[in-house]
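Coordinates in review
What follows is each chain in one-letter form.
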Amino acid sequence: MTISTVGIIGAGTMGNGIAQACAVSGINVVMVDISDAAVQKGVATVAGSLDRLIKKEKITEADKSAALARIKTSTSYDDLKAAQIVIEAATENYELKLKILKQVDALVAPEVIIASNTSSISITKLAAATSRADRFIGMHFFNPVPMMALVEIIRGLQTSDATHDAVKQLSERLGKSPITVKNAPGFVVNRILVPMINEAFFVLAEGLATPEDIDAGMKLGCNQPIGPLALADMIGLDVCLAVMDVYLTEFGDSKYRPCPLLKEMVAAGRLGRKTGRGVYQY
């Protein structure tokens, strides 16, 4: 399959980032959201990101104009009919994603691939709710999409080889380095990352070191660009807790039990950067 147009549902952080990656790579985009204000905000974000690349002399003004010209915005799912693949990048909520995917499934041609940018929801389960389970797949991009090289390609139990190969080729056209993952809670990166963050909270709770020293240790000893506690504040402590709760429920293994200190901080409303206070004060 030749993919010349990508449909994107959601013009937020992930949606507009995927749109930018596609447009810069010469692929046409139809970006859909619930309101004109939302899609215009998404395009403005892309324009601002491209301006930063111009300042760094990575692209030219002509490149920016060409990229923006490839992004069509809409508030109607009907416009997604022009796409060979539709990527759902809505909020991480199962019921919302299910509603959107069923609408799109009923609308686009049978041969169109549908992908979800979910970071935690079962691809097998989402695929089963559509009429094209073999042409359904996960494409987990990482934030910020234009900068991050990784895409996790998640195969549901039903995903065909042809669908996987087409999505892998698309990811490579976007300049990404895809990895193929079987469907399981957290896939690969978050399955390893969030329990590591949780363990950092156990270390903090036991008083083994200060937050600053824990983060410095992981940065200097493991060459990580940001320490696990600072990263938790960036992600949101409530999100970290929710992910650990999912792992504990899905795997039934006590090694995924959330740290009591993490639970206590979430209960106190200390969720990280978004509330001005988490492990650190902002």
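Residues numbered from 1 in each chain as written. Predicted model: local features only at pLDDT ≥ 70, side-chain atom pairs only at ≥ 80, totals over all residues. Heavy atoms only, no water.

Per an unreviewed UniProt entry, the recorded name for the chain is 3-hydroxybutyryl-CoA dehydrogenase, and the organism is Diaphorobacter nitroreducens. In its Sequence similarities (unreviewed entry) section, UniProt records this for the chain: "Belongs to the 3-hydroxyacyl-CoA dehydrogenase family." (UniProt positions renumbered as here; feature names shortened; annotations may be inferred.)

**What about a nonpolar patch on the surface?**
Side chains of Ile179, Val188 and Ile192 sit close together on the surface and give an oily, nonpolar patch of about 240 Å² of accessible area. Mapped onto the fold, Val188 is located in the loop between β8 (177-182) and α7 (189-205). For Val188, a relative accessible area of 33% translates into the label partly exposed. (Patch = residues over 30% accessible without salt bridge, like charges linked within 9 Å, V, L, I, M, F, W, Y side chains within 5 Å. Areas by Shrake-Rupley, 256 points an atom, 1.4 Å probe, with all protein chains shown as cover. Salt bridge = Lys/Arg side-chain N within 4 Å of Asp/Glu carboxyl O. Helix = DSSP H or I, 4+ residues; strand = E, 2+ residues; numbered from the N terminus. Buried < 20%, exposed > 50% of the residue type's maximum accessible area, 1.4 Å probe, protein only.)

**Focus: the environment of Leu193**
Counting through the fold element by element, Leu193 comes out in helix α7. For the pair formed by Leu193 and Ala82, sequence separation is 111 residues and the distance between their alpha carbons is 37 Å.

**Regarding the packing of helix α1 (residues 13-24) against helix α2 (residues 36-55)**
Following both chains from N to C, one finds α1 and α2 inclined at 55 degrees, their axes separated by 9 Å at the closest point. It follows from the interaxial angle that α1 and α2 lie oblique. The way α1 lies across α2 gives a crossing that is right-handed. For the pair formed by α1 and α2, the contact residues are Asn16, Gln20 and Val24 on the first element and Gly42, Thr45, Val46, Ser49, Leu50 and Leu53 on the second. Residues belonging to the contact of α1 with α2 are distributed by class as follows: 4 nonpolar, 5 polar and no charged. (Axes fitted to C-alpha atoms, helices over the stretch in contact; angles between N-to-C directions. Parallel < 35°, antiparallel > 145°, perpendicular 65-115°, else oblique. Left-handed = near helix turned anticlockwise from the far one by under 90°. Contact = heavy atoms within 4.5 Å. Nonpolar A, V, L, I, M, F, W, Y, C, P; charged D, E, K, R; others polar.)

**Concerning the sheet that holds strand β3 (residues 71-74)**
Strand order in the open sheet formed by 8 strands is β3-β2-β1-β4-β5-β6-β7-β8, with mixed pairing between adjacent strands. Each end of this open sheet is capped by a strand with a single partner; those strands are β3 and β8. Shown here is a sheet whose adjacent strand axes are inclined to one another by a mean of 25 degrees, direction ignored. Of the strands in this sheet, β1 (5-9), β2 (28-32), β3, β4 (85-88) and β6 (136-141) touch α1, which is tilted by about 165 degrees from β2. (Pairing = 2+ DSSP bridges.)

**A word on the UniProt feature "domain: 3-hydroxyacyl-CoA dehydrogenase NAD binding" (unreviewed entry) in the chain**
Per the UniProt record, "domain: 3-hydroxyacyl-CoA dehydrogenase NAD binding" (unreviewed entry) is found at residues 5-183. Helix makes up 41% of residues 5-183 and strand 22%. Its end C-alpha atoms lie 26 Å apart.

**So, the nonpolar core**
Nonpolar side chains in soluble globular proteins tend to end up buried together. Membership of the largest hydrophobic core comes to 37 residues, with the highest contact counts inside it found for Val6, Ile85, Met139 and Phe141. Those residues in contact with Phe141 that lie beyond four places of it in its chain are Met14, Ile18, Ile87, Asn117, Leu150, Val151 and Leu174. Ranked by size, the runner-up nonpolar core spans 25 residues in total, among them Val194, Leu231, Tyr247 and Cys259. (Core = buried A, V, L, I, M, F, W, Y, C linked by side-chain atoms within 4.5 Å.)

**Considerations on the pairing of β8**
The pairing of strand β7 (residues 150-155) with β8 spans 6 bridges and is parallel. Residue pairing across strands places Leu150 opposite Ser177, the latter belonging to β8. Running through helix α6 (residues 161-173), the crossover from β7 to the neighbouring parallel element β8 is right-handed. (Right-handed = clockwise from strand over helix to strand, strands pointing away.)

**Some details on the pairing of β2**
Along a regular strand, successive side chains alternate from one face of the sheet to the other. β2 sits mainly inside the fold: 4 of its 5 residues count as buried. Examined bridge by bridge, β1 and β2 share 5 bridges and lie parallel to one another. Bridge pairing in β2 links Ile9 to Val32. With 4 bridges connecting them, β2 and β3 associate as parallel partners. Note on β3: the bridge partner recorded for Val29 is Ile71.

**Quick word on the side chain of His164**
By secondary structure assignment, the location of His164 is in helix α6. By relative accessible area, which is 9% here, His164 ends up buried. The residues touching His164, leaving out its near neighbours within four places in the chain, are Ile137, Ile153, Arg155, Thr159 and Thr180.

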